[in-house]
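# A closer look at the structure
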Amino acid sequence: MGNRDLDRRRAPHDPELGALHRAYADRLLRELSESVSLADRVRQWLDHAPLDAAGPADACRGLHLSPRTLRRALQEEGTSWRALLDGARHRRARRLLETTDLPLDRMAPLVGLSGATALVRAFTRWEGVTPGTYRREAKRPTRR
């Protein structure tokens, strides 16, 4: 490609246009930060975290927050670390049941639970059916 682009003349600096672009970028950043709640940011973090060892301190480091700020902000949003972690475990268990044939004792640590029995109890609480029933239903072909 060469150095043609480096040899091009630069556009003259326009302070008014620069200020306009800056104001627009600031507005977009403000809207973006307002539209994503801290609970949503924690959910996104949890969706990629190893749930067997995930704690609020890990999330704080990953999201660049203090533990006190995390706790207070989640409380203001009407949720808690424990509720978000439970939701992440539920989502991951459903995804694993739908997409893999892993036995429950191997799936439980991936969901952050101590064993197959804990997974069956938690999943039945979440879905109202056992993991085995959910897996069979999820793998059943849909009729049109």
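These remarks concern the structure in this document. Owing to the predicted nature of the structure, the values given are computational and were not obtained by experimental measurement. (Residues numbered from 1 in each chain as written. Predicted model: local features only at pLDDT ≥ 70, side-chain atom pairs only at ≥ 80, totals over all residues. Heavy atoms only, no water.)

## Brief notes about the nonpolar core
Under the convention used in this document: Within this scheme, the nonpolar core is defined by two criteria: the residues are buried Ala, Val, Leu, Ile, Met, Phe, Trp, Tyr or Cys, and they are joined through side-chain atoms within 4.5 Å. Here the term buried applies to any residue with accessible area under 20% of the maximum for its type, exposed to any over 50%, and partly exposed to those in between, with areas from a 1.4 Å probe on protein chains only. In this description a helix means any DSSP run of H or I spanning at least four residues, a strand means any run of E spanning at least two, and both kinds are numbered starting from the N terminus. Pairs of residues are marked as contacts when any of their non-hydrogen atoms sit within 4.5 Å.
In this structure, Leu38, Val42, Leu46, Leu70, Leu74, Trp81 and Leu84 are the most contacted members of the largest nonpolar core, which totals 17 residues. For this core, the secondary-structure elements that each account for two or more residues are α3 (38-48), α4 (56-63), α5 (67-76) and α6 (81-99). When sequence neighbours within four positions are dropped, the list of residues in contact with leucine 38 reads Leu63, Leu65, Leu70, Ala73, Leu74 and Glu77. In terms of nonpolar packing, the next biggest core, distinct from the first, is built from 14 residues, Leu96, Leu102, Ala118 and Tyr134 among them.

## Focus: the packing of aromatic side chains
Rules: Each pair of aromatic rings taken from Phe, Tyr and Trp, with Trp reduced to its six-membered ring, is defined by centres within 6.5 Å and is described as stacked if the planes are under 30 degrees apart, edge-to-face if over 60, and tilted in the remaining cases.
Inspection of every chain in the model, using the stated rule, returns three aromatic pairs. Here the aromatic cluster, defined as three or more aromatic residues joined through ring pairs, consists of Phe123, Trp126 and Tyr134.

## Some points on the pattern of salt bridges
Here the idea is simple: oppositely charged side chains can pair when their charged atoms come close. In plain terms, the rule: We count a salt bridge whenever a side-chain nitrogen from Lys or Arg sits within 4 Å of a carboxyl oxygen from Asp or Glu.
All told, the structure shown has seven salt bridges when counted by the stated rule. A salt bridge links aspartate 47 to arginine 91, with the nearest nitrogen and oxygen atoms 3.0 Å apart. Of this pair, aspartate 47 sits in helix α3 while arginine 91 is found in helix α6, placing the two residues 44 residues apart along the sequence. On the accessibility criterion, aspartate 47 (28% relative accessible area) is partly exposed. Judged by its relative accessible area of 26%, arginine 91 falls in the partly exposed class.

## Digging into helix α9 (residues 131-139)
The cut-off we apply is this: Our arc is simply the arc of the directions from the helix axis toward the C-beta atoms.
Among all positions of α9, only Pro131, Tyr134 and Arg135 are buried. The arc that holds the buried residues of α9, viewed along the axis, is 100 degrees, so those residues lie on one side. Turning to α9, the residues buried within the fold contact α6, α7 (104-111) and α8 (116-127).

## Section: the packing of α6 against α8
Applied cut-off: Interaxial angle, 0 to 180 degrees, is taken between N-to-C directions of lines fitted to C-alpha atoms, where a helix line uses only the stretch in contact. If an angle is under 35 degrees, it is roughly parallel; if it is over 145, roughly antiparallel; if it lies from 65 to 115, roughly perpendicular; otherwise it is oblique. Polar here means any residue outside two lists: the nonpolar Ala, Val, Leu, Ile, Met, Phe, Trp, Tyr, Cys and Pro, and the charged Asp, Glu, Lys and Arg; Gly therefore counts as polar.
Contact geometry for α6 and α8: axes closest at 11 Å, N-to-C directions at 100 degrees. Classified by the interaxial angle, the pair formed by α6 and α8 is roughly perpendicular. Between α6 and α8, the contacting residues are Asp86, Arg89, His90, Ala93, Arg94 and Leu97 on the first element and Leu119, Phe123, Arg125, Trp126 and Glu127 on the second. Classifying every residue of the contact of α6 with α8 by side-chain character gives five nonpolar, one polar and five charged.

## A few points about α6
Three or four residues apart is the spacing at which side chains of an α-helix point the same way, because the helix has 3.6 residues per turn. For the record, the criterion: For a helix, the expected span equals 1.5 Å multiplied by the number of residues minus one.
Taking 1.5 Å of rise per residue, 19 residues should cover 27 Å, and α6 covers 27 Å from first to last C-alpha, within 8% of that figure. Along α6, the residues classified as buried are Trp81, Leu84, Leu85, Ala88, Arg89, His90, Arg92, Ala93, Leu96 and Leu97. The secondary structure elements touched by the buried residues of α6 are α3, α4, α5, α7, α8 and α9.

## As for the packing of α3 against α5
For any two helices packed against each other, the geometry is given by the interaxial angle and the distance between the axes. Interhelical geometry of α3 versus α5 gives an angle of 115 degrees and a closest axis separation of 9 Å. In this structure, α3 contributes Leu38, Ala39 and Val42 to the contact, and α5 contributes Leu70, Ala73 and Leu74. By residue class, the composition of the contact of α3 with α5 is six nonpolar, no polar and no charged.

## A short note on the side chain of arginine 92
Threshold: By the counting rule applied here, Lys and Arg register as positive and Asp and Glu as negative, while His and the ends of each chain are not counted. Polar contact is the term for a pair of N or O atoms within 3.5 Å; when the atoms are in protein, one must be able to donate a hydrogen and the other to accept it, and sequence-neighboring residues count only if both atoms are side-chain atoms.
For arginine 92, the location among the structural elements is in helix α6. For the buried residue arginine 92, which engages in no salt bridge, the nearest side chain bearing the opposite charge is aspartate 47, 5.8 Å off. In this structure the side chain of arginine 92 is engaged in a polar contact, spanning 2.9 Å, whose partner is the backbone oxygen of alanine 49. Excluding anything up to four places from it in sequence, arginine 92 contacts Leu46, Asp47, His48, Ala49, Pro50, Leu51, Leu110 and Val111.

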